[in-house]
Amino acid sequence: MPARKPVGLALQGGGSWGAYTWGVLDTLLASRSIAIGQLSGTSAGAINAAIVAGALAKGSPARAREALSAFWLQIACPAVADLGREVWGPVERTWRESMGAWLVSTGALSPYNANPLGINPLREAIAAHVDIDAIRSKAAPALFVTVTNVKTGLPRVISNEAMTIDALVASACLPQLFQAVEIDGEPYWDGGYLGNPTLWPMIQGGVARDLIVVQLVPDSADDAPRDVPSIRRRVGEIVFNSSLVAEMQAISAMRAVAHRGEGGAGVLDLRLHRIGPPPRQLLEQGSVLERSRAWLQRLHDEGRSAARRFITRHGSDLGVRETLDVAAVFADERKPKLRLPANEAVYEGS
């Protein structure tokens, strides 16, 4: 049997849409041609990544698949759903149609008065299915989780040795729903603001030169939105994707520099791939807060199908060539014209 090809996985966040990533991981973990060497994740992507890293530390892709399934089915359990409705009920009606509605604040609702006990339904589920000790062990694949420092506005990337349940809860902490999570005396919010997901630690680590981004947020919209829910949703999509776009553009810029022989050669042998995002028409049928079993299973099935298509089309490309056209997807082809400063223009003409 040929050796498995090592890959790094960058898992985007997106609430319940993380069930799509569950389906992608289910297929990749079952593959006999792929080995997961490192993971980066944010929000739901961080939870998925942590579950997988803990199970793989014990040498068991099958255990990782079982743990992922158990986590997502627990999230769909009636008891958890009822608790979620109690905590999220005041905002669910407003936000249900909008991925980006967490950006909107009425000024009247705060998690510190609407949820004074700081209840977070995810904490118990994460603790039940993530093996922190295994993640910290030397046998675990490299894991990177992004959180946002509330006070500084800077991203913090937490790796295996410093991983905690608090770090995972913080990475999925939407500030309009939950109180900030304290880590080392500092308050943190959802990592999706600044790294969704963060790529650079895996690029620098060099564990696997093939990096697969599992993307949940659509790249583009067919038309400019006109109604309020659609406008909010599109604003959220742009914000959630902004850090990924910035990193991809930085990679393109570094490659251009490297091709001129001016350094940055490490990005030249990096091979980027992508699975997702899910079809827009599917995402518009649900909400990031929707956790019915039927909805999560539907997203899971879509993710499995997408991963199977990727392996069929691009499995032979892993280790050989890049399949994601970074420039076409993440850069505007219309470049600005550069002008010399006025004083330099004078000297040029003199």
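The structure under discussion appears in the preceding block.
Quick caveat: nothing in here was measured; it's all calculated off a predicted structure.

1. Some details on the side chain of Ser 243
Structurally, the position occupied by Ser 243 is in helix H10 (residues 228–259). Judged by relative accessible area, Ser 243 falls into the buried class, the value being 9%. Apart from residues no more than four positions distant in its own chain, Ser 243 is found in contact with Gly 192, Leu 194, Gly 195 and Asn 196.

2. Re the packing of helix H1 (residues 18–30) against helix H2 (residues 44–56)
For the pair H1 and H2, the least separation of the axes is 9 Å and the interaxial angle reads 25°. Considering their axes alone, H1 and H2 lie roughly parallel with respect to each other. Note that H1 runs across H2; the crossing there is right-handed. Seen from H1, the contacting residues are Gly 18, Thr 21, Trp 22, Leu 25 and Leu 29; seen from H2, they are Ala 44, Asn 48, Val 52 and Leu 56. Taken together, the residues that form the contact of H1 with H2 break down as 6 nonpolar, 3 polar and no charged.

3. Points about unusual backbone geometry
The amide bond that connects Asn 196 to the next residue, Pro 197, takes the cis arrangement and shows omega of -5°. As for its position among the elements, Pro 197 is in the loop between strand E6 (186–190) and helix H9 (200–205). Note the cis peptide between Gly 276 and Pro 277, where omega equals -5°. Among the structural elements, Pro 277 can be located in the loop between strand E8 (271–275) and helix H11 (280–283). Positioned with a positive phi, Ser 43 is a non-glycine residue whose angle comes to about 60°. Positive phi, close to 55°, is recorded for Asp 184, a residue that is not glycine. Take Asp 184: its relative accessible area is 65%, and that puts it in the exposed class.

4. Quick look at the pairing of strand E4 (residues 155–159)
In the sheet, strand E3 (residues 142–149) pairs with E4 via 5 bridges, with the strands oriented antiparallel. Paired with Val 147 across the strands is Arg 156, a residue of E4. The loop that links E3 with its antiparallel partner E4 comprises 5 residues; one of these, Gly 153, has a positive phi angle of about 75°.

5. Some details on helix H6 (residues 121–129)
Of the positions making up H6, those classed as buried are Pro 121, Leu 122, Ala 125, Ile 126 and His 129. The buried residues of H6 all sit within an arc of 115° when viewed along its axis, so they share a single face. Opposite the packed face of H6, turned more than 90 degrees from it, sit the exposed residues Glu 124 and Ala 128. Between a side-chain oxygen at the N-terminus of H6 and the backbone nitrogen of Leu 122 the separation is 3.0 Å; the capping residue is Asn 120.

Reading the values: the criteria
Residues numbered from 1 in each chain as written. Predicted model: local features only at pLDDT ≥ 70, side-chain atom pairs only at ≥ 80, totals over all residues. Heavy atoms only, no water. Helix = DSSP H or I, 4+ residues; strand = E, 2+ residues; numbered from the N terminus. Buried < 20%, exposed > 50% of the residue type's maximum accessible area, 1.4 Å probe, protein only. Contact = heavy atoms within 4.5 Å. Axes fitted to C-alpha atoms, helices over the stretch in contact; angles between N-to-C directions. Parallel < 35°, antiparallel > 145°, perpendicular 65-115°, else oblique. Left-handed = near helix turned anticlockwise from the far one by under 90°. Nonpolar A, V, L, I, M, F, W, Y, C, P; charged D, E, K, R; others polar. Pairing = 2+ DSSP bridges. Arc of directions from axis to C-beta. Polar contact = N/O pair within 3.5 Å; in protein donor to acceptor, adjacent residues only side chain to side chain.

Spatial relationships are all this shows, so hold off on functional conclusions.
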